[in-house]
Each structure stands twice: as C-alpha cells, then as structure tokens.
Amino acid sequence: MIEIKEEFKKLIPALTAEEFKQLEENILKDGIRDPLVLWNGYLIDGHNRYQIAFKHGLEYKAIDKEFKDESEVKEWMINNQFGRRNLSNYQRSVLALELESVFSERAKENLKLSEGKGKQISAEVKVVPIETRKELAKVANVSHDTIAKVKVIQATATPEVKAQLSTGEVSINQVYQDIKKEEKQEVIREKKKEYEQRIETVSNNQFKVDIFNTINKFRVIYADPAWSYNDKCEGGGVQSGGVAMRHYDTMSIKDICDLPVKDISEKDSVLFLWVTSPLLEDAFTVIKSWGFKYKTSFVWDKVKHNMGHYNSVRHEFLLIATKGSCTPDNKKLYDSVQIIERNDNHSEKPIEFLNIIDDIYNYGNKLEMFCRNIKKDKWFGWGNEI
C-alpha cells in the first residue's frame, strides 16, 4: 500500500463527485494508462487513480521522481496541478498561496544558510527570492485581487464554506464580502460596547453641553436651527456681542454658520439638519460651513396643513450629511417619508426621528442642538432652555 503524506493532500484539489465518477468510468473501461508518481515512497501524483485502483483491485504502474527536498516536491506538485487540471479560480488561488508559502520557507532557509557562512554565499547556496503576489497570479492564471481575497477567506472561512467554494456553490466575491461585513459588524459591536461602558459614567448634568466650551466630540449631531425668514440681507446677529452670547430665538444664516459645529464634531460624523422648503438653499450653505457633505434626506409628512405662499405646506426636510466616513451601523432602511401628525407645539419635532437615529447609529456621542430639553437617554443637549 502506497503511503500518502498529509502535508501533500492539500496540494491536490478534490474532484467533484461528477468528475470522480467520470474518471472512474474511464479507468474501468480503459485501465490506468498514466503511471503514479512517487517520491521517497510518498504518492505525489495520481491520488484519484490510486483510490480507484485500490477500490476495484486494478493494476497500476508507479515511477519514482528525484527531488532535492520537500519544498521542491511541493513546487512540482502545484505546477503539475496548474498544467493538468481544469481548476476553479478558488482552487488556483489556494494553490498559488501554497506556492507562495513554499518560496517563503525556501527563502528563509537560504537566508539562514547564508548567515551561517558569515554572509558569504557559496556557489552551491542559491538564495531564491520570495515570489510576489503578482508573479503568483500570472503562474496561477488568476488575478492578483482574487488571490488577495482568497488569502482572507483561507484565514477566516469555515471548512464548509471552503468546500462550497471548491464546488462552485458560492463565489469568491460573495464569501469575501460576507467576511468583510462581519468584520465591520464586529468592530461596531466592540465600539458600541466601549461607548456604553463610557456613557454610563456620565452624570445627568454633564449631558448639558455648552458647545462653545466643551471638550466633547460628537459623532452624531441633530440640529433644528432657529432659522430667520427675514434676514437674507442681514449682515450680523441680533446682538453685537460674541456669538456665544447671542440669543438665538432667530438667527441669521451667518450666525448659524459661525456655530462651532466643525470643531465639536468627530472627524467621522453625521449631521441631521432640519429645514423647511423656503430655506432649503440656505441649509446647504450651513452644511458646507460646518464641514459636512450632503448625502440624502428624510421628509416629515405632518398630515396637518399649514398655509404657504405657493402651496399648502405639510412637510419638512431632515437633511443628512456626513464628515469623513460615517455610514450607518445598522443597515436597516427606514422609509424616507415619515408620516407623523404634528402636535400644536411650535416647531417641535417628533421623537420618532431621534429613535430612528438611535437605531441606525449604535455608538458615539450624540448631540441635539437648539433643543428645549434633553428628550433621549444618553444624548447630550444644547439649547436656550437647558
């Protein structure tokens, strides 16, 4: 009985059930025409032929092949598979990574030999450079990007998923994207855990923030500015003092733009900004001045109508803008139009919008600006009446 070394088995991509059946039928009809290949008594080529021969008691021939060491055997086996087998891109990439490992180990051994000779490399000691991923991709006839993805998959995926990749049940891109999504979710879970531990140490009074004098940075900012509808030509604020002293029951666009939102927002943060239709254009000026970039919006359908100059107004916009990279932590997609009947309190916004923000952004300091009171647990607040 021929010995099969475990280390060599992974260099022989498994046949599908259909491929093995076809090979078995051909061998039973025509016999085993190609000899098995051995090295030091180990089978290095012809594993499926040997399995079929052993199963049916068939005769076979075997030849011995000479190699300097095991790394040369592995290199020969991998290149032999590339040359003789109809492999999937996943199987080719796995073999390319095995070949990379062979070259890496060989380079390390050669480096040890050279150092042992006082860095004087003799004629019989040849240092083999580590193959680059680009060169491996060429040998394997797959893209560099594919090999990089498969390397991640090999380190992360379960044996079941790898088996599905070998048979083509799932694609490399599909598995890779699933892995990256899970990695991102794990990061989010860790950040949420850290955030929840930290936020529990904040006292109620500390949630009341002076945005002009705070060391806090905010990942989420929710703002309902005190827009003025008659100040388009105003050059300044309603008071001549510094911005921090201004009473903002109504504020000019310049006053709003001058608020220190750029300074108190994290480098990766999100802004939710309320605005009505007449001031929609001004809102984009504010977003830019605060260091954010517009992305999309919610529409609040208030159900009750208000009289306007051009139509009967029953909606308001909640614009969403980001700074840096701040996509939602939770990928649940809420309807962009939220139908919530307004109450009779002037300019009061439904708590449902804060609930949505809490759901899609799981961690990080959250600040509501221009609020009369802090409505949500673990939110910071800034406003006249706080």
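The coordinates are above.
In short, a report on the structure. (Residues numbered from 1 in each chain as written. Predicted model: local features only at pLDDT ≥ 70, side-chain atom pairs only at ≥ 80, totals over all residues. Heavy atoms only, no water.)

Overview of the nonpolar core
When a protein is soluble and globular, its nonpolar side chains tend to lie buried together. As a reminder of what qualifies: We define the nonpolar core as a collection of buried residues of types Ala, Val, Leu, Ile, Met, Phe, Trp, Tyr and Cys that are connected through side-chain atoms lying within 4.5 Å of one another. Under the scheme applied here, a residue whose accessible area is under 20% of the maximum for its type counts as buried, over 50% as exposed, and between as partly exposed, the area being computed with a 1.4 Å probe on protein chains only.
Counting residues in each nonpolar core, the largest one holds 36 residues, and the members touching the most others are Trp227, Leu259, Leu273, Trp290 and Met369. With 34 residues, the next largest nonpolar core counts Trp39, Met77, Leu97 and Ile147 among its residues.

Re the pattern of salt bridges
Our working rule: Any Lys or Arg side-chain nitrogen found within 4 Å of a carboxyl oxygen on Asp or Glu counts as a salt bridge.
Summed over all chains, the structure comprises 26 salt bridges. Three or more residues are tied together by salt bridges with common partners; here these are Lys5, Glu7, Lys10, Glu70, Lys74 and Glu98.

Remarks on the sheet that holds strand 5 (residues 265–275)
In plain terms, the rule: Any two strands are treated as partners once DSSP identifies two or more bridges connecting them. Helical segments are the DSSP runs of H or I of at least four residues, strand segments are the runs of E of at least two, and each set is numbered from the N terminus. The convention used is that axes are lines fitted to C-alpha atoms, helices contributing only their stretch in contact, and that angles between N-to-C directions extend from 0 to 180 degrees. Residues are treated as being in contact if the distance between any of their heavy atoms lies within 4.5 Å.
Pairing is mixed in the open sheet, where seven strands are placed in the order 8-6-7-5-4-9-10. Two strands lie at the open edges of the sheet, namely strand 8 (337–339) and strand 10 (380–382), each paired on one side alone. Across the sheet, the mean angle from the axis of one strand to that of its neighbour is 20°, orientation sign disregarded. Both strand 4 (residues 218–223) and strand 5 contribute to a ladder of five bridges, which runs parallel. When the bridges of strand 5 are listed, Ile221 appears paired with Leu271. Along the sheet, helix 13 (residues 351–360) makes contact with strand 4, strand 5, strand 6 (293–307), strand 7 (312–323), strand 8 and strand 9 (366–369), crossing strand 4 at roughly 165°.

So, the sheet that holds strand 3 (residues 62–64)
Read across the sheet, three strands follow the order 2-1-3 without closing on themselves; strand pairing throughout is mixed. Each edge of the sheet is formed by a strand with only one pairing partner; in this case those strands are strand 2 (42–45) and strand 3. Sheet twist, expressed as the average angle between the axes of neighbouring strands with direction ignored, equals 40°. Inspection of the sheet shows strand 1 (residues 36–39) paired to strand 2 by three bridges, in the antiparallel sense. Paired with Leu38 across the two strands is Leu43, which belongs to strand 2. The strands that helix 4 (residues 70–84) touches are strand 1 and strand 2; relative to strand 2, the one it contacts most, it runs at about 35°.

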